[in-house]
Structures are given as structure tokens and as C-alpha cells.
Amino acid sequence: MFAITDPLNVEVLSTRLAASTRSVVVVEVAEEVASTNEVLRQRAMQDMLHGRVLLAESQTQGKGRLGRVWHTPKGKNLALTLAWSCDPDPRSLAGISLAVGAAVAESLEKVFGVDMQLKWPNDMYLDGRKCGGVLVETLTDGQQRSLVLIGVGLNIMPVDTEVDQPVADLSSHVGRDVPRNNVAACVIEALVDLLQAWEAGGFSAWRERWQARDLLRDVAVTISGGQTLTGVGCGVDDTGALLLRTAEGIEPVFAGDASVRKEQRV
Ligand code: BTN
């Protein structure tokens, strides 16, 4: 059984960040919020939030993709949002949620030795089960810059909340307690490195790195939500669209949910 030994703490967490990262972020920890993305969205109306990181011990209305609920029971997960100023052209952010998954996976691999896989578009997997997700939202007011809110949720300890799919957590995977301040620092470093380079390279700098962890590669997949499509996963394009080999040829999928057709692994 894993113990909650490591309450999130700004001072502890900050000592685990590189000085260069500390100089560009302001980190805050809340006991309980509705949703870290939502709190920063509200504040963005009054404030310039570039570099603000909000973590919460629990969320009462954590949001997942496509309006789903994201459970964040107290002290067991990582729920974090980073706000960052960005180019107002929405095309410049194409693929960013995929790149975030890859950046977090690489950083966790370096520090904790875990081999995380990624399921299009923005799910993080361990041992074939979901252990985290990314929710990217953009705020724009028609000014010169927009603000992107990058929300990351990661299961750190096992939870007994009922969810609609098998889930994994970092501590169970590595077989010991994983200090949440270390995980938080690792994720913040990964996000800042990614964002500082994003405007120069965009998703094309991340495509191969994402594909190296692609859970749907050569797998028979059904897409639902909006369009319904079946095919075999063959990576992603330069905008982060999933590429499916169908009877008609290679088709890009821009949105929806991907499920694996188990009976037809190829
Ligand atoms: C998904 O898998 O659908 C995305 C989940 C993203 C959850 C994170 S937790 C921190 C941030 N605040 C939220 O309300 N959602 C994101």
C-alpha cells in the first residue's frame, strides 16, 4: 500500500526545479479547486498569467477532453495547469497536446525509468492502461498574443474511484512511493522546455518522438464522436492528426475518440 507522504509544497517543489525554470514560472498550490484550468481561465480575465502554474491537491470539477469528468481525489494525483502566452493564430498550436504528452513521458522516463505510451490524441498509458491525460485550452481576446492553458492530470497512487476504463498509476508501476513534488517538478520542466521551443519548431519537432510511443501503431482502430471511421493506425501527420489506413487509403483524423478493436490487432 502506498502512503500519502508528500503533500504538494511550493518550496519543496521549487528546490527541484532548475534555476532557469524557476526564473520563468510562478508556482502555486491550492488545497481544493473546481478545476485548475478553470481557475486560471477566470483569472486570465484580470491578470497576465504567462508562466503561472497552478497545482491542486484535489479538484471537485476536474475536466477531461470532450466534456468528460476528470477525478482528482485528495493527495493521490497530480493536477496541474500551466498558462503560457502564445501566437494568436490557432494553427500555431496544432499538435501541442500530443507534444505535451510526449514531453511528459520523456521526462518521467528520465527520472523514474518508466516507459510510457501515448494514445491519440492526448492520453498517457502505462501497462496498457490510462494513467494520465492532457487538456489544452486557448484564451484569446483578439490582442497580439493569446494564452494557452495546458492542463495535465496524472495518477500517482491507486484510487478506488470508479471510472469507465482500466487505469494505471505511477507508484504501482514503479513499485514504490513516488514523491509528488518530484513528479510535479518533472512535468513543469518538461512543459517549460517544450513551450520555450514551440514557436520555432511546432509539432514537426515532436512528431517522431510522439510516434516512438504510439499505442495505436499498426493496430485496428475505430474512431467515434463526430465521424465514425475504422482503419489501422499508422502514425500522425505534422499537425498531429491521426493517420488511419482505411479501404480508401490513408485518411487523417482531426478529432474524436479512438478505440482499439481488440479482435483485430494487425
Ligand atoms: C483527458 O484525459 O481527457 C484530459 C484530462 C486532463 C485533466 C487535467 S487535471 C489538471 C487540469 N484541470 C482540469 O480540470 N483538467 C486538467
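Values in this document were obtained by computation on a predicted structure and should not be read as measured data.

Quick notes on the rules
Residues numbered from 1 in each chain as written. Predicted model: local features only at pLDDT ≥ 70, side-chain atom pairs only at ≥ 80, totals over all residues. Heavy atoms only, no water. Pairing = 2+ DSSP bridges. Helix = DSSP H or I, 4+ residues; strand = E, 2+ residues; numbered from the N terminus. Axes fitted to C-alpha atoms, helices over the stretch in contact; angles between N-to-C directions. Parallel < 35°, antiparallel > 145°, perpendicular 65-115°, else oblique. Left-handed = near helix turned anticlockwise from the far one by under 90°. Contact = heavy atoms within 4.5 Å. Buried < 20%, exposed > 50% of the residue type's maximum accessible area, 1.4 Å probe, protein only.

Enquirer: Talk me through the sheet that holds strand β12 (residues 257-260); I want residue IDs and the actual numbers.
Expert: An order of β11-β10-β9-β8-β12 is seen for the five strands of this open sheet, with the pairing classed as antiparallel. Each end of this open sheet is capped by a strand with a single partner; those strands are β11 (249-253) and β12. Between one strand axis and the next, the sheet turns through 45° on average, direction left out of account. Alignment of strand β10 (residues 242-246) against β11, held across five bridges, turns out to be antiparallel. Bridging from a neighbouring strand, R245 pairs with I250 of β11.

Enquirer: Can you break down the packing of helix α4 (residues 96-112) against helix α6 (residues 180-201) residue by residue, with the values?
Expert: Look at α4 against α6: their axes get within 9 Å of each other, and the N-to-C directions meet at 135°. Classified by the angle their axes make, α4 and α6 are oblique. The two elements α4 and α6 meet at a crossing, and its hand is right-handed. Here I96, A99, V100, A103, V104, S107, L108, V111 and F112 of α4 come into contact with α6, specifically with N182, V183, C186, V187, A190, L191, L194, L195 and W198.

Enquirer: Break down the pairing of strand β6 (residues 129-139) for me, citing the residues and quoting the values.
Expert: Where burial is concerned, most of β6 is hidden: eight out of the 11 residues are buried. Alignment of β6 against strand β7 (residues 146-155), held across eight bridges, turns out to be antiparallel. Each residue of the ladder has a partner; that of V134, found in β7, is V152.

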